[in-house]
There are 2 protein chains.
Amino acid sequence: MRHDGRLSRMLHVLLHMEEQQRPMTSEEIAGMLGTNPALVRRTLAGLREGGYVVSERGHGGGWMLGRPLAEMTLRDVYDAVGSPEIFALGLADDQPQCLVEQAVNTALRQTLDEARALLLRRFAEIRVSDLRDDFASRAAALGLNVGLSCADA
Amino acid sequence: MRHDGRLSRMLHVLLHMEEQQRPMTSEEIAGMLGTNPALVRRTLAGLREGGYVVSERGHGGGWMLGRPLAEMTLRDVYDAVGSPEIFALGLADDQPQCLVEQAVNTALRQTLDEARALLLRRFAEIRVSDLRDDFASRAAALGLNVGLSCADA
DNA sequence: TATCACGAAACAACAGAAGTTACATGAGCC
DNA sequence: GGCTCATGTAACTTCTGTTGTTTCGTGATA
Ligand code: FES
Ligand code: FES
């Protein structure tokens, strides 16, 4: 089953966006992610609706942060990209007649819900700015000056 | 993304298997699950390797429990069906050069690992027999005598 | 008005479980 | 021995949702 990389990618984009003092075009971002502009626009559209980023058209246009990274959590971003399905594991039948299967569903559902709750709770605790700080620590530890490390940059 | 129902289905099968005093054929089981015999054999093959079920060929053959339900946990069954991927969420790139993306991956991976650990811990705590007991309680609460509730039975 | 860049729709590609078909193999039964 | 039942296994198709791609429309700047 193919994985859903939208949350991962958008976090990456947001962090890079903060480093820039200018709007980033969909094409730049696409090159960064190894994909194409249309997909970038499609996914960033969700973040725009939430006010996390702002887009501008025409000359000098592109994407910019709509608010500080300290004011958005991973949970916010997760929801902004459409709250995608978390689990690949699923139930064979959601509303079975069979009592046996109902017992199976109850147990699995309960466990999955618990894991989901933990995950979303953690997401809500982590600000995107925390990732930037972690990034800064990494760079410092390696004695690097902060800059783009992208292969195509 | 399509869900992985192997764990769910095999639990269902194991519970029904215990009710029977005779081997169940792949065809019977397939009818129960709403699928076909080849898929049943394919999936049950994993459980056989773990000794959770036993298969017999020829006349009067079929599938039977290889050990009591009290001696297998959901974790055992999960592993027996091949330890399928738990999450639909994933990272865009597993080993990125970009320090920013590494920071993103670290945070996401840590959170996913935590949720996965919780899930597997719970699975290891639940015996398949616990599901049977839950099933029995349901049946009793409804004043039903235990029997097949399958539409095609 | 020419160009830039987003907006959005439409469609093909891809991955992995599920579904299906087909045939070989072995076990019982007559 | 030969027939039938049922598993064992491989090969192939179908299904579903993200991803990838193309195309055209719209607004903004120079
Ligand atoms: S991908 Fe993050 S720097 Fe290019
Ligand atoms: S499906 Fe469980 S009784 Fe038929």
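Residues numbered from 1 in each chain as written. Chains lettered and ligands numbered in written order. Predicted model: local features only at pLDDT ≥ 70, side-chain atom pairs only at ≥ 80, totals over all residues. Heavy atoms only, no water.

A.B. asks: I tried to follow the pairing of strand E1 (residues 53–56) of chain B on my own but got confused; where do I start?
C.D. replies: For a regular strand, side chains alternate in direction, first toward one face of the sheet and then toward the other. Residues and elements named next belong to chain B. The pairing of E1 with strand E2 (residues 62–65) spans four bridges and is classified as antiparallel. When the sheet's bridge partners are listed, Ser55 is paired in E2 with Trp63. Between E1 and E2, which pair antiparallel in sequence order, lie five residues; one of them, Gly58, sits at a positive phi of approximately 80°. (Pairing = 2+ DSSP bridges. Helix = DSSP H or I, 4+ residues; strand = E, 2+ residues; numbered from the N terminus.)

A.B. asks: Quick question: what am I supposed to make of the confidence of the model for chain A here?
C.D. replies: Low-confidence regions, as indicated by low pLDDT, have predicted coordinates that should not be scrutinised in detail. Residues at a pLDDT of 70 or more form 93% of chain A, whose mean pLDDT is 91. When the elements of chain A are averaged for pLDDT, helix H6 (residues 128–141) of chain A gives the smallest value, 87, and helix H4 (residues 74–80) of chain A the largest, 98. (pLDDT = per-residue confidence, 0-100.)

A.B. asks: When you look at the packing of aromatic side chains in this model, what are you seeing that I'm missing?
C.D. replies: The geometry of an aromatic ring pair is captured by two quantities: the separation of the ring centres and the angle between the planes. All names here are of chain A. Applying the stated criterion across every chain yields a total of three aromatic pairs over all chains. Measuring from centroid to centroid gives 6.2 Å for Tyr78 and Phe123, while their planes differ by 45°, and the two rings are tilted. Linking Tyr78 in helix H4 with Phe123 in helix H5 (residues 99–125), this pair joins segments that are 45 residues apart in sequence. As far as burial versus exposure is concerned, Tyr78 and Phe123 are alike and both buried. (Phe/Tyr/Trp six-rings, centres within 6.5 Å; stacked < 30°, edge-to-face > 60°. Buried < 20%, exposed > 50% of the residue type's maximum accessible area, 1.4 Å probe, protein only.)

A.B. asks: Can you walk me through the environment of Arg132 of chain B in this structure?
C.D. replies: Residues and elements named next belong to chain B. Following the sequence through the fold, Arg132 ends up in helix H6 (residues 128–141). Each C-alpha atom, one on Arg132 and one on Leu14, is 9.6 Å from the other, the two residues being 118 residues apart in sequence. Residues contacting Arg132, with those up to four places away along its chain left out, are Leu15 and Glu18. (Contact = heavy atoms within 4.5 Å.)

A.B. asks: Sorry if this is basic, but what is going on with the pattern of salt bridges here?
C.D. replies: Pairing between side chains of opposite charge can happen when the charged atoms of each approach one another. Applying the stated criterion across every chain, the model contains 20 salt bridges over all chains. In this structure, the salt-bridge partner of Arg6 of chain A is Asp4 of chain A, at a minimum N-O distance of 2.7 Å. On the basis of relative accessible area, Arg6 of chain A is assigned to the partly exposed category, the value being 36%. Between Asp113 of chain B and Arg116 of chain B there is a salt bridge, with the nearest N and O atoms lying 3.2 Å from each other. (Salt bridge = Lys/Arg side-chain N within 4 Å of Asp/Glu carboxyl O.)

A.B. asks: Where do I start with the packing of helix H1 (residues 6–19) of chain A against helix H3 (residues 37–49) of chain A in this structure?
C.D. replies: Geometry of a packed helix pair, given as the angle between the helix axes and the separation of the axes. Residues and elements named next belong to chain A. Where H1 meets H3, the axes come as close as 11 Å, and the angle between the chain directions of the two elements is 85°. Judged by the angle between their axes, H1 and H3 are roughly perpendicular. Residues Arg6, Arg9, Met10, Val13, Leu14 and Met17 of H1 touch H3, and the partners they reach there are Leu39, Thr43, Leu44 and Leu47. For the contact of H1 with H3, a count of residues per class yields seven nonpolar, one polar and two charged. (Axes fitted to C-alpha atoms, helices over the stretch in contact; angles between N-to-C directions. Parallel < 35°, antiparallel > 145°, perpendicular 65-115°, else oblique. Nonpolar A, V, L, I, M, F, W, Y, C, P; charged D, E, K, R; others polar.)

A.B. asks: Please clarify how the relation of the copies chain B and chain A should be interpreted in this entry.
C.D. replies: Put simply, the two copies of the chain differ by a rotation about an axis and a shift along that axis. Laying chain B over chain A is done by rotating through 180° and shifting 0.0 Å along the axis; what remains is an RMSD of 0.1 Å. The superposition of one copy onto the other is thereby described by a two-fold rotation axis. Interface residue correspondence from chain B to chain A reaches 100%, placing this contact among same-surface, isologous pairings. (Least-squares fit on C-alpha atoms with pLDDT ≥ 70 in both.)

A.B. asks: Would you mind going over the side chain of Asp4 of chain B with me for this structure?
C.D. replies: Take Asp4 of chain B: it is sitting in the segment before helix H1 (6–19). A polar atom in the side chain of Asp4 of chain B sits 2.7 Å from the side chain of Arg6 of chain B. (Polar contact = N/O pair within 3.5 Å; in protein donor to acceptor, adjacent residues only side chain to side chain.)

A.B. asks: It is not clear to me how unusual backbone geometry should be interpreted in this structure. Could you clarify?
C.D. replies: A negative phi angle is the norm for most residues apart from glycine, just as the trans form is the norm for most peptide bonds. Residue and element names in this part refer to chain A. Phi at Ser83 is positive, roughly 45°, even though this residue is not glycine. Mapped onto the fold, Ser83 is located in the loop between H4 and H5. Classification of Ser83 as partly exposed rests on a relative accessible area of 36%.

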